[in-house]
Amino acid sequence: MAEREPPRERADLRMLVLAGAAWAGAGVGRWLGWWVVVVALAGAVALWALSRCTTADLSRTVAGALLVLTAVGAVTVLRLDQVRRSPVEALAEDGATVRLVGTVRSDPRAVSARYGDLVVTRLELREVTGRGTTYAAAAPVLVIGDADWLTVPLGARVRVGGRLSPADDDDLAGVLSARGPPDVVAQPDLWWRGAAAVRRSIRDAVEHRPADQRALVPALVDGDDAGVDDALADDFRTTGLTHLLAVSGTNLTLVVGFLLVLARWAGLRGRALLGVGALGIVGFVLLARTEPSVLRAAVMGTVALFAMGADGRRRGPRALGVAVVVLLLVQPGLAVQPGFALSVLATAGIVLLAPGWRDAMARWLPRWVAEAVAIPSAAQLACTPLVAALSGQVSLVAVAANLAAAPAVGPATVLGLTAGLLGLVLPAGGGALGTLAAWCVAWIVTVATRCAALPTAALEWGSGAPALAVLSLLVAAIALLGPLVLRRPVTGVGCCVLLTLVVVVQPPSPGWPPPGWVLVACDVGQGDALVLNAGRGAGVVVDSGPDPVAVDRCLDRLGVRELPLVVLTHFHADHVDGLAGVVDDRRVGTVETTTLRDPPGGVREVGSVAGSVGRSPAPTPYGVTRRVGAVTLQALWPPPGAPTTGPGDGSTANEASVVLLVEVRGVRMLLTGDIEPEGQQALARSLPDLHVDVLKVPHHGSRYQDEPWLLSLGARVALVSVGADNDYGHPAEATLTPLRRAGTRVLRTDLDGDLAVIADGDGLSTATR
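Cut-offs used in this document
- Residues numbered from 1 in each chain as written.
- Predicted model: local features only at pLDDT ≥ 70, side-chain atom pairs only at ≥ 80, totals over all residues.
- Heavy atoms only, no water.
- Pairing = 2+ DSSP bridges.
- Helix = DSSP H or I, 4+ residues; strand = E, 2+ residues; numbered from the N terminus.
- Axes fitted to C-alpha atoms, helices over the stretch in contact; angles between N-to-C directions.
- Contact = heavy atoms within 4.5 Å.
- Phe/Tyr/Trp six-rings, centres within 6.5 Å; stacked < 30°, edge-to-face > 60°.
- Buried < 20%, exposed > 50% of the residue type's maximum accessible area, 1.4 Å probe, protein only.
- Salt bridge = Lys/Arg side-chain N within 4 Å of Asp/Glu carboxyl O.
- Core = buried A, V, L, I, M, F, W, Y, C linked by side-chain atoms within 4.5 Å.
- Patch = residues over 30% accessible without salt bridge, like charges linked within 9 Å, V, L, I, M, F, W, Y side chains within 5 Å.
- Areas by Shrake-Rupley, 256 points an atom, 1.4 Å probe, with all protein chains shown as cover.
- Parallel < 35°, antiparallel > 145°, perpendicular 65-115°, else oblique.
- Left-handed = near helix turned anticlockwise from the far one by under 90°.
- Nonpolar A, V, L, I, M, F, W, Y, C, P; charged D, E, K, R; others polar.

Engineer: In this structure, what is going on with the sheet that holds strand β18 (residues 659-664)? I would like to understand it.
Structural biologist: Within a beta sheet, neighbouring strands are joined by backbone hydrogen bonds and run either parallel or antiparallel to one another. Read from one edge of the open sheet, 7 strands run β16-β17-β18-β19-β20-β21-β22, paired in mixed fashion. Each end of this open sheet is capped by a strand with a single partner; those strands are β16 (625-628) and β22 (745-748). When strand polarity is set aside, the average angle formed by the axes of neighbouring strands in this sheet is 20°. Across 3 bridges, the pairing between strand β20 (residues 694-696) and strand β21 (residues 717-720) is parallel. Paired with Lys696 across the bridge in β21 is Leu719. Helix-sheet contacts for helix α24 (residues 733-741) involve β21 and β22, and the interaxial angle to β22 is about 145°.

The following block contains the structure:
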């Protein structure tokens, strides 16, 4: 008689209950304060006293959860109170000019701003001088500076002056707008210098490789993603591979796992192995930086190692619960960080769902194949509702992309790290290993770009409460029914085939684009991206918005595959950063821009993207009436003799916006970029009888307009291209109200999505998507 398989031990979820209580405690302390913490403590004491008189495990568990909630809540209140009572907070509220001494706690990072590039980093303060008084202070401050900060090493102590302002983040005491270069008063400690040398060696080992490979190897090994192209990052985001561009638990698992294999090969066992693992974790944290996201990734990676080891079904949930409680006690601000929530959810999926799915598929698949499918599937499913809340999308290719990329991730990570270490003593050897790592990365890039190009790579879902509730119910149903579906090859393979068909076949978009459309304002967030109908499958694009993915999808929905003309009104990021999505897999003719080549970052971006498709940007010819397919257009601004160089910060770029007078199928439209009131007044003087049917409201509906000129145009429709909940106060009611009173129909992308202007037999109409 065959021996019956012993029943599997059920996962112990009590530590996960305590983890949930810790999370709740961080929220309670942040938003409700001391009195709720005191009530929770009283309840915990009462339940604990009750549990001493009974044998009920439930009362003990609840009492323990209340105690954890109380502890984390108290730590949160104390941490926030420490920041609020800091003299730095008071100086920030006053907007004081100060002098700070502090230690650099994050790598200085260049970011694109509206008026040029800035550098952002975090300082842990030691001393602040303001209003004639010097204070000893231990508080975190965000520093915004210029390019001089890029050379400041992590861990250095610096002295810097500037103006303090309040921070939106409760975990920051203030934001410093730095003035002048920082004065480095002490170099980093030895371990920071060693980690920096390894990071530099990794970059040097792949310096000879193509740009995507050169940027991705350091990102994969230690989270150094500064060189990753925006378009490639968008492809990784669409395909659910973003975790490869940042420090994640996967990085630590691969690095420490490799060290443990080497240690076993060398004959180490028992506590010696634990010591090697601990040293590997510490070294990884130093290499990838001791920022909260790195510490979180290290802890979650350690949990994954527990889950992958012996008795992982029982130890995994306990390790995850302990990790969450400890992390929130040490850094309660993690509770409101999406990255932390995604890490916890992904790890929970691996710990709770993956074993059951793996065992179900192992009935008809080799166990290693079943495990390779179950782990990314469970992690992705657990994260799906939160990803949808953050992005409004559900990736349909994430599991397939992770499976396809997985064979190259481990070798690329290990080879890249080894190349960096070897390169410290033998640069040629490091370069050779760097080449091998880059070959592995090339496959990952191919997977990301090809999967992102599929017709239905991501499903637009929405981020409202009803949509997320429905999605959460679907996720719960899949989690419960997954083992039942996957245990049989017919249903398991059938689900995979169905998902493949959904992804590969382009679904119809009912009623879109509407027949007779002449202009569409794409919903690309806070920016402009306009498409003029130049004929069957062809369009003239005016500006590309800030997001390559968003504008690419808008053009796909319109069926535009050919672009005889692309006009970029000026070089601000919200008008040009999406250009890579515009030119992606489309035939591109001429790329035209304004005459003012400022800010420099935007100019470089446009030149790089246009050059990638064999085009050189040229100034838009002033006053020349041209016909491009079904589109007739004329540039009305900037006039001849307008400046071609600016101050370098982009502050004059709006006024240099290209203004186009366009006609398609008898509909006259004025596309105004971000032209300022002075330019509007100049146009009013030079073209006093200008009248149009459609107005693209300047500068996203900003309050700074020449109202008489806007009303004199007599537009029947006004389009406002603007992002929801933006920080600029766009659009201003002071701008929109006079237009509405004049009888103009005002449509907004933040409220209505894509906006279409239609020329039909009855005249002019509009539609929204």
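What follows continues from the structure just given.
Engineer: Please clarify how the sheet that holds strand β10 (residues 517-521) should be interpreted in this entry.
Structural biologist: If you walk across this open sheet you meet the 8 strands as β15-β14-β13-β12-β11-β10-β23-β24, and the pairing is mixed. The two strands at the open ends of the sheet, each matched to only one other strand, are β15 (618-619) and β24 (763-768). Bridge count between β10 and strand β11 (residues 530-535): 3 bridges; the pairing is antiparallel. The residue of β11 that forms the bridge with Leu519 is Leu532. Strands β10, β11 and β12 (538-542) of the sheet are contacted by helix α18 (residues 548-558), whose axis makes an angle of about 160° with β10.

Engineer: Help me understand the packing of aromatic side chains in this model?
Structural biologist: The geometry of an aromatic ring pair is captured by the separation of the ring centres together with the interplanar angle, meaning the angle of the planes. Enumeration over the complete set of coordinates arrives at 1 aromatic pair. Centroid distance Trp23 to Phe340: 5.0 Å. Interplanar angle 50°. Geometry classified as tilted. Of this pair, Trp23 sits in helix α1 (residues 14-31) while Phe340 sits in helix α12 (residues 338-361); the two residues are 317 residues apart in sequence, bridging distant segments of the chain. We classify Trp23 as partly exposed; its relative accessible area is 24%.

Engineer: Please explain the pattern of salt bridges as it appears in this structure.
Structural biologist: A side chain with one charge may pair with a side chain of the opposite charge, provided their charged atoms come close. One pass over the structure, following the stated rule, counts 14 salt bridges. Between Arg587 and Glu562 there is a salt bridge, with its nearest N and O atoms 3.2 Å apart. With Arg587 in strand β14 (residues 587-593) and Glu562 in strand β13 (residues 562-568), this pair connects stretches of sequence that are 25 residues apart. Judged by its relative accessible area of 56%, Arg587 is exposed.

Engineer: Teacher, can you tell me more about the environment of Val662 here?
Structural biologist: The topology assignment puts Val662 in strand β18. Residue classification places Val662 among the buried positions, given a relative accessible area of 1%. Separated by 143 residues in sequence, Val662 and Leu519 have C-alpha atoms that sit 10.0 Å apart. Each residue touching Val662, except ones within four places of it in the same chain, is listed here: Leu532, Val631, Thr632, Leu633, Val667, Arg668, Met669 and Leu671.

Engineer: I'm lost on the nonpolar core in this one. Help?
Structural biologist: If you look at the biggest cluster of nonpolar residues, it comprises 32 residues, and the most contacted ones within it are Leu216, Phe236, Leu241 and Ile444. Counting residues per element, the ones that place at least two in this core are α5 (190-205), α6 (211-222), α7 (230-238), α14 (398-423) and α15 (427-452). Ranked by residues supplied to this core, first place goes to α15 with 8 residues. Look past the residues within four positions of Phe236 in its chain and what remains in contact with it is Leu216, Leu241, Thr242, Leu244, Leu245, Ile444 and Ala448. Leu532, Leu565, Ala635 and Val757 belong to the second-largest nonpolar core, a separate cluster that totals 30 residues.

Engineer: Please explain a nonpolar patch on the surface as it appears in this structure.
Structural biologist: A cluster of nonpolar side chains, namely Val322, Val326, Leu329 and Val330, defines an oily patch on the protein surface of about 310 Å² accessible area. Judged by its relative accessible area of 40%, Val322 is partly exposed.

Engineer: Would you take a moment to explain the environment of Gly701 for this structure?
Structural biologist: By the element assignment, Gly701 lies in the loop between β20 and α23 (707-712). Classification of Gly701 as buried rests on a relative accessible area of 0%. For the pair Gly701 and Ala734, spaced 33 residues apart in the sequence, the C-alpha separation amounts to 9.1 Å.

Engineer: Explanation requested: the packing of α14 against α15 in the structure shown.
Structural biologist: When two helices pack together, their arrangement is given by the angle between the helix axes and the distance between those axes. α15 packs onto α14 with a crossing angle of 160° between their chain directions and a minimal axis gap of 8 Å. By the angle between their axes, α14 is roughly antiparallel relative to α15. The chirality of how α14 crosses α15 is left-handed. Of the residues in the contact of α14 with α15, the class split is 20 nonpolar, 6 polar and no charged.

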